[in-house]
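Residue strings, one per chain:
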Amino acid sequence: MNILIAILVLGAIAALFGALLGYASVRFHVEGDPIVEQLDALLPQTQCGQCGYPGCKPYAEAVANGEAINKCAPGGEDTIKKIADLLGVDVQPIDENHEQDGSSQSILPKVAFIIEEDCIGCTKCIQACPVDAILGAAKQMHTIITDECTGCDLCVAPCPVDCIEMRSTPETIQNWQWDLNKIAVKQLD
Amino acid sequence: MIIETIIERINQGKFWHFHGGIYPSEQKSITSSKPIKQLSLPKQLVLPLQQHIGRQGDLLVEVGDKVLKGQALTQSSNPMAVPVHAPTSGIISAIKKSVIAHPSGLSELCLFIDVDGEDTWKKREICQDFSKLSHQQIIKKIADAGIAGMGGAGFPTHIKVNTKPGINFLIINAVECEPYITADDLLMCEQSEAIVDGIKILDQLLSPSFILIGIEDNKPQAIKALQQATQHHEKIKVCVLPTKYPTGGEKQLIQVLTGKEVNTGTLPINSGIVVQNVATCFAISDAVINDIPLIRRVVTLTGSALAKPQNFWALLGTQVSYLLEQAGFVSEVNKTNSTPNSPQPSPPVPSPPVIMGGPLMGFSILNEQVPIVKTSNCILAPSKIEMPSAFDNNSNEVECIRCGQCADVCPSQLLPQELQWSAKAKDHQQLMQLNLFDCIDCGACAYVCPSQIPLVQYYRVAKAEIRQQQQLDIKSEKAKVRFEARKLRLEQEKIARQEKHKKAAAARKATMNKKSADGSTANSAVAAALARVKAKKAAEKIINSNEPLASSNKVTDEISPVKVAIARAKAKKLGKQENIESSLNSNKPLASSSEKQAQKHSAINEQTINDKKARIAAAVAKAKAKKFQEKKSSTEQNELSIETQSEKTSEKAQNITTEAEDKKARIAAAVAKAKSKAKLKAIEKAQQVSTTNSEEST
């Protein structure tokens, strides 16, 4: 008899919590995969495709499904660290195949530049640009909207006359970084 | 807090305190006893287009233009931009990038003026009674005069004074708390009336309940001068504050005078308080009353490395080297810090070092050619005894011992030690949590640090990094939006294309059905096409089968291969020519590989065209042969049994003729039969007649 009561009570509790969980899963249902959104927010959004996926969001989705976290070259080690923190996995060194030339951290960001005299107006770069940062029309000269360019490099290869090159953005007062060694600290006696 | 109680406290000479603060050696006596010296005109002035926070204006002048003193050189419709003016008359000799007064030592666009020495003024409108001017007129005058806060940050003044009513306190910052600097002190001593005029103009604009002039008690002469100038003004109170660094910080001064703390991320204006620097007040009175734009300022040249330290009235754009020369600065080249064996190419650091700004908040300038701008209040050239760290390129920083002195002196009540660790670890999130952006860069923490950690520098680096990161975040967000938009657009284009194709297919089907409705069914059309193909095939067969047979055909067949061969030869020739041409082109040095390829392609195309021609010729020949053969077959009826339609008809014709002949023969036979019958009958008759005749004879 006692055992029967115990079973009934436990069964009732189990049913109650089951119902509660079921209700919660319906009530607090989240559309989409939140981890993908979080991963996407960590990625640099250059949309460069160097990871082998057509853009940052697809790579985020792939990472959520178990792809290696070390394929984002523009993000560098910082991004890998953040993704590792988020996913609770070990930090991996950046994939050699996806490493950029030199250390990308210290160098100023680069943007594409069209040598306008050489441009033949083929629109190939416009089709390649993932963020629509190239302005132009067929048989008209093209130009880069520097503020929108993510420096992804994707327009360089399709150009048939090699008139696109990557240039560093000039260092100005606005983007200048303090160099600690240049300023001596003052200590009055 | 009620305003009256604040005023009561102030009247009693009681003030509030802010947290922390330091008491560095003042060193103001070096220059405070000497009057402000007028400088002779320098040969050249360098005017950076942007001398303040905000944006630079658009240029109004070109190289070679002659400009008059006080003439505006830039303008802008943007409210955050303030114009710059020609500090004296002269000719614009260049507009180019030049090193400016910034710790980075970077170059920005500057105007170079060759001074003609005449100092000719532009036409000025002197306004004796500013009380008749409307608010808008005064604000326009201030904006046109290019006045930006002269205390340090350089915020455009016309924006700060153009506020909604309801200002409780207008605070005039005459504290000048940083050691060595005496520029404001002497300005107050010498120009107290003008400063009070400026305060009155601000009073007219803002109509605050009270005007408080905050001044430290280490400037007795300035206090006296101000008290004299303001004795008839009930509203203006000169508040003599105890000397403590950094009382001159905006938030600190507000706290000392009113006891109010300005919250993180809010402006003093939200608490009904406006703070203006005393030098800005002087500039406002100059601009509104005398129509003199901001073209000069008082600069303190001080430090033991100068033979004649003094305050100067310096025109904006005067190069620091010129001022140093006037103050008796002896440059000791290669004496102390720039060792020739240093592995890195040493930057052009003036030796001994020159600091722009005060000793606590200033920065070493990397080039003595930098110009004085609206915010430069002090040039400090210390000796090695005064400031050994400025001479030492290698930092003497040692590990933090966690003594906590920095937290004790921080006027913003931050935790400098924690901030330092987070800054070194580049933990931006933690830095934001520790309210890094409340740091006013006062340098008190670095001053007291026994480990000589350059704390402020770490914070500056971290602040710059965070700002840049924020910019990057904004940019990446924008890139994301654009990427998504592009993806959506491409998707839509794809769908649109598919729909178009579908529509086109449907249209084709519809037209087909229409035709079938007219009469001929789709099936019949197909059948007709099939029949045509069959006929063609059959014709080809005939030719092949005929070749060995008909001798007359042979002639034509012999002709046609010849023709084909000729056509082929022609094609070859043409192709060769093309090849030669292309090879010639390839020899040309200018021709790129892509051009070559294109020509090769064209040559191949030519060849294929020639081949085509030959084939066409062959086809024509074949067709001719076929025609000839057909004719023959129709004439020579009996020779062949063939399946072509024409052959069939001829066969039919043949059959018909034979049939006709048969008929004829049959008819003839019948006739003959009939004739023979008749003959037989006649013979019988004759026999009968003869018998009867014989019977009759017998």
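Summarised in this report is the structure supplied together with it. Everything numeric here is computed off the predicted structure, so don't read it as measured data.

**Digging into the pairing of strand β10 (residues 236–241) of chain B**
All names here are of chain B. Sheet analysis places strand β9 (residues 210–216) next to β10, joined by six bridges and oriented parallel. Each bridged residue has a counterpart across the sheet, and for Ile 211 the counterpart in β10 is Ile 236. On the question of chirality, the crossover connecting β9 to the parallel β10 by way of helix α7 (residues 220–229) is right-handed.

**Some thoughts on the environment of Arg9(B)**
Along the chain, Arg9(B) turns up in helix α1 (residues 3–11). As a C-alpha pair, Arg9(B) and Thr258(B) span 249 residues in sequence and 9.2 Å in three-dimensional space.

**As for the packing of helix α5 (residues 183–190) of chain B against helix α9 (residues 278–290) of chain B**
All names here are of chain B. For the pair α5 and α9, the least separation of the axes is 9 Å and the interaxial angle reads 45 degrees. Taken together, the axis directions place α5 and α9 in an arrangement best described as oblique. Helix-helix and strand crossings are classified by hand; for α5 and α9 the assignment is left-handed. Each of Asp 184, Leu 187 and Met 188 in α5 lies in contact with α9, whose residues at this interface are Val 278, Ala 279 and Phe 282. The residue makeup of the contact of α5 with α9, split by class, is five nonpolar, no polar and one charged.

**Topic: the sheet that holds β9(B)**
Residues and elements named next belong to chain B. The four strands are arranged β10-β9-β8-β11 in an open sheet whose pairing can be described as parallel. Both edges of this open sheet fall to β10 and β11 (273–277), since each of them pairs with a single strand only. Shown here is a sheet whose adjacent strand axes are inclined to one another by a mean of 25 degrees, direction ignored.

**Digging into the environment of His233(B)**
Mapped onto the fold, His233(B) is located in the loop between α7 and β10. On a C-alpha basis, the gap between His233(B) and Ile211(B) in space is 9.9 Å, while along the polypeptide they are 22 residues apart.

**Some words on the sheet that holds strand β13 (residues 310–315) of chain B**
Residue and element names in this part refer to chain B. Strand order in the open sheet formed by six strands is β1-β13-β12-β16-β14-β15, with mixed pairing between adjacent strands. The sheet is open, and its two edges are formed by β1 (37–38) and β15 (363–364), each paired on a single side. As paired strands, strand β14 (residues 355–356) and strand β16 (residues 378–380) are joined by two bridges and run antiparallel to one another. Counterpart to Met 356 in the pairing with β16 is Ile 379. Docked against the sheet, α5 engages β12 (296–302), β13 and β16, running at close to 125 degrees with respect to β12.

Rules used throughout
- Residues numbered from 1 in each chain as written.
- Chains lettered and ligands numbered in written order.
- Predicted model: local features only at pLDDT ≥ 70, side-chain atom pairs only at ≥ 80, totals over all residues.
- Pairing = 2+ DSSP bridges.
- Helix = DSSP H or I, 4+ residues; strand = E, 2+ residues; numbered from the N terminus.
- Right-handed = clockwise from strand over helix to strand, strands pointing away.
- Axes fitted to C-alpha atoms, helices over the stretch in contact; angles between N-to-C directions.
- Parallel < 35°, antiparallel > 145°, perpendicular 65-115°, else oblique.
- Left-handed = near helix turned anticlockwise from the far one by under 90°.
- Contact = placed C-beta atoms within 7 Å.
- Nonpolar A, V, L, I, M, F, W, Y, C, P; charged D, E, K, R; others polar.

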